[in-house]
Amino acid sequence: MKINHMTNEENLQKFSNIIANKIHDGFIVTERNDKLPFAVLSKGGKEVDHTFNFLLFCLTLGLWSIAWVYLTYVTSKEKKILVAIDEDGNTFEEKCYSE
């Protein structure tokens, strides 16, 4: 029983460390439940400087448009992740897919 209690505390410590690292990387805790234990974290998308990208588009004769579209549609979206402990006691992290 003591070994099981120690592993639960170690798993909770790993869970808390992952959340602390994600917060350090700029994520914000949206929802947290310590009974189940899981947490949903979100991070706002990057702001795209369209004026600068248009200048690069003109200088590269349109080649920069591929990178510009990528920046606009992929990196500017909000990111959400789920950090949790499964039934076996392993800590995992998944992307949350939104509408």
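You'll find the structure just up there.
Read on for an overview of the structure. (Residues numbered from 1 in each chain as written. Predicted model: local features only at pLDDT ≥ 70, side-chain atom pairs only at ≥ 80, totals over all residues. Heavy atoms only, no water.)

### Examining the sheet that holds strand 2 (residues 38-43)
No. 1: Read across the sheet, 4 strands follow the order 1-2-3-4 without closing on themselves; strand pairing throughout is antiparallel. The two strands at the open ends of the sheet, each matched to only one other strand, are strand 1 (28-33) and strand 4 (91-95). Neighbour-to-neighbour, the strand axes of the sheet open up by a mean angle of 20 degrees, direction not taken into account.
No. 2: The sheet contact formed by strand 1 and strand 2 spans 5 bridges and is antiparallel. (Pairing = 2+ DSSP bridges. Helix = DSSP H or I, 4+ residues; strand = E, 2+ residues; numbered from the N terminus. Axes fitted to C-alpha atoms, helices over the stretch in contact; angles between N-to-C directions.)

### Topic: the layout of surface pockets
No. 1: When its volume is computed, the largest pocket comes out at roughly 310 Å³.
No. 2: Surrounding the largest pocket, 10 residues form its lining, Glu78, Lys79, Lys80, Lys95 and Cys96 being those nearest its centre.
No. 3: Residue contributions to the lining of the largest pocket peak at 3 residues, all from strand 3 (residues 79-85). (1 Å grid on protein atoms, 1.4 Å probe; cavity = no way out; pocket = protein on both sides within 12 Å on 5 of 7 lines; lining within 4 Å. Points joined across faces, edges and corners; volume = space filled by probe spheres on them.)

### Considering the pattern of salt bridges
No. 1: A full pass over the atoms with the stated rule returns 2 salt bridges.
No. 2: When the shortest N-O distance is used, the salt bridge between lysine 22 and glutamate 93 registers 3.0 Å. On the criterion of sequence distance, the pair formed by lysine 22 in helix 1 (residues 2-24) and glutamate 93 in strand 4 is long-range, its members being 71 residues apart.
No. 3: Residue classification places glutamate 93 among the partly exposed residues on the basis of a relative accessible area of 40%.
No. 4: Arginine 32 is the partner of aspartate 34 in a salt bridge, and the nearest nitrogen-oxygen pair spans 2.9 Å. (Salt bridge = Lys/Arg side-chain N within 4 Å of Asp/Glu carboxyl O. Buried < 20%, exposed > 50% of the residue type's maximum accessible area, 1.4 Å probe, protein only.)

### Describing a nonpolar patch on the surface
No. 1: Among the surface-exposed residues, Val69, Tyr70, Tyr73 and Val74 lie close enough to one another that they form a single nonpolar patch of about 430 Å² accessible area.
No. 2: Mapping tyrosine 73 onto the fold places it in helix 3 (residues 65-75).
No. 3: Accessibility expressed as a relative area gives 56% for tyrosine 73, which makes it exposed. (Patch = residues over 30% accessible without salt bridge, like charges linked within 9 Å, V, L, I, M, F, W, Y side chains within 5 Å. Areas by Shrake-Rupley, 256 points an atom, 1.4 Å probe, with all protein chains shown as cover.)

So far we have only geometry, and geometry alone does not tell us how the molecule works.
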